[in-house]
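This is what each chain is made of:
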Amino acid sequence: MRFPSSLPCPLDFRYSFPAKDRRKRRSFHAGTVDAPNLENPFPSQFTPWNKGKLVGQKAPLRLSDIWSIRVRLQLAGRARDLALFNLAIDSKLRGCDLVSLRLRDVSHGSAIARRATVLQRKTGRPVQFELTELTRSAIAEWSRQAQLRPASYLFFGQGDGHLSTRQYARIVASWVTAVGLDRHSYGTHSMRRTKASLIYRRTKNLRAV
């Protein structure tokens, strides 16, 4: 079958690509254009997300660091941060469980409880923890200043919600930076590991943790 000379053949690549693209194709086959690098298919501006960052488990706080942060928060009169810091260490809760605590979760009537039980969001299992005298007094002072009700979030955020985990992470970073620690080496998981590491150093018994 022959096509009229005035109509292009649909199988003729000379007419299927614009003139500029045809020149590129000819120069590529002639060797004037570099072939793609199959060994490194990623562009040169690609940067790994963890380049220059410390990844893995965050280090727990030492006892001296704990007291340094506590004293700074007490001198600054930051009742909320002091209650958040003490409760984070005593409870060993994940950040998502810690920020969503309500006053009724850690109190019996008008008194702060010595022990509390919280249902973990990730595992669905209950976990029990003990509140020290420092933590109970810090929570009581913060609830008095903020005029919290039993159903109120302990650490409220904007609107009717609670403090977000991202805000909590920024607060932890400000604590460790204030005492001269590297903010990249510590995080919210450091708060969870701190009490367990202190108990293990004292007893050398994993079951006690």
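Quick caveat, the model's predicted, so the values are computed rather than measured.

### Structural notes on helix H6 (residues 133–146)
Since there are 3.6 residues in each turn of an α-helix, residues three or four apart along the chain are aligned in direction. Here H6 spans 20 Å end to end across 14 residues, near enough to the 20 Å set by a 1.5 Å rise per residue. All of the buried residues along H6 are Thr135, Arg136, Ala138, Ile139, Trp142 and Ser143. Around the axis of H6, the buried residues are gathered within 165° of arc, so they sit on the same side. Opposite its buried face, H6 presents the exposed residues Glu133 and Arg144, each directed more than 90 degrees away. Contact partners of the buried residues in H6: helix H4 (79–91) and strand E2 (111–112). The positive-phi residue at the C-terminal boundary of H6 is glutamine 147, with phi of around 55°.

### A look at the pairing of strand E3 (residues 115–119)
Residues Ala116 and Val118 of E3 are buried on one face, while the alternating residues Arg115, Thr117 and Leu119, pointing to the opposite face, are not. Looking at chain direction, E3 and strand E4 (residues 126–130) are connected through five bridges and run antiparallel. Paired with arginine 115 across the two strands is glutamate 130, which belongs to E4. Hairpin remark: E3 followed by E4, antiparallel, with six residues in the connecting loop; positive phi at glycine 124, about 75°.

### Here's the deal with unusual backbone geometry
Where the residue is not glycine, phi is negative for most of them; where a peptide bond is considered, it is trans in most cases. Positive phi outside glycine occurs at lysine 92, with the angle close to 60°. Within the chain, glutamine 147 stands out as a residue other than glycine whose phi angle is a positive 55°.

### What to know about the pattern of salt bridges
Evaluation of the coordinates by the stated rule reveals six salt bridges. Among the ionic pairs, aspartate 65 bridges to arginine 62, the shortest N-O distance being 3.1 Å. Judged by its relative accessible area of 5%, aspartate 65 is buried. The partner of glutamate 133 in a salt bridge is arginine 136, and the shortest N-O contact between them spans 2.5 Å. Residue glutamate 133 and its partner arginine 136 are located together in helix H6, separated by three residues, close to a single helical turn. Arginine 136 sits in the buried class, given a relative accessible area of 12%. Three or more residues joined by partner-sharing salt bridges are found here, namely Arg78, Arg80 and Asp81.

### Here we look at the nonpolar core
Soluble globular proteins tend to pack their nonpolar side chains together in the buried interior. Counting residues in hydrophobic clusters, the biggest one holds 38 residues, and the most contacted among them are Leu61, Phe85, Leu87, Leu154, Tyr168, Trp175 and Met191. Elements with a contribution of two residues or more to this core: helix H3 (63–76), H4, helix H5 (95–99), E3, H6 and helix H7 (165–178). Counting residues per element, this core draws most heavily on H4, at eight residues. Setting aside chain neighbours within four positions, we find tryptophan 175 in contact with Ile69, Leu73, Arg78, Asp81, Leu84, Phe85 and Met191.

Parameters and conventions
Residues numbered from 1 in each chain as written. Predicted model: local features only at pLDDT ≥ 70, side-chain atom pairs only at ≥ 80, totals over all residues. Heavy atoms only, no water. Helix = DSSP H or I, 4+ residues; strand = E, 2+ residues; numbered from the N terminus. Expected span 1.5 Å × (residues − 1). Buried < 20%, exposed > 50% of the residue type's maximum accessible area, 1.4 Å probe, protein only. Arc of directions from axis to C-beta. Contact = heavy atoms within 4.5 Å. Pairing = 2+ DSSP bridges. Salt bridge = Lys/Arg side-chain N within 4 Å of Asp/Glu carboxyl O. Core = buried A, V, L, I, M, F, W, Y, C linked by side-chain atoms within 4.5 Å.

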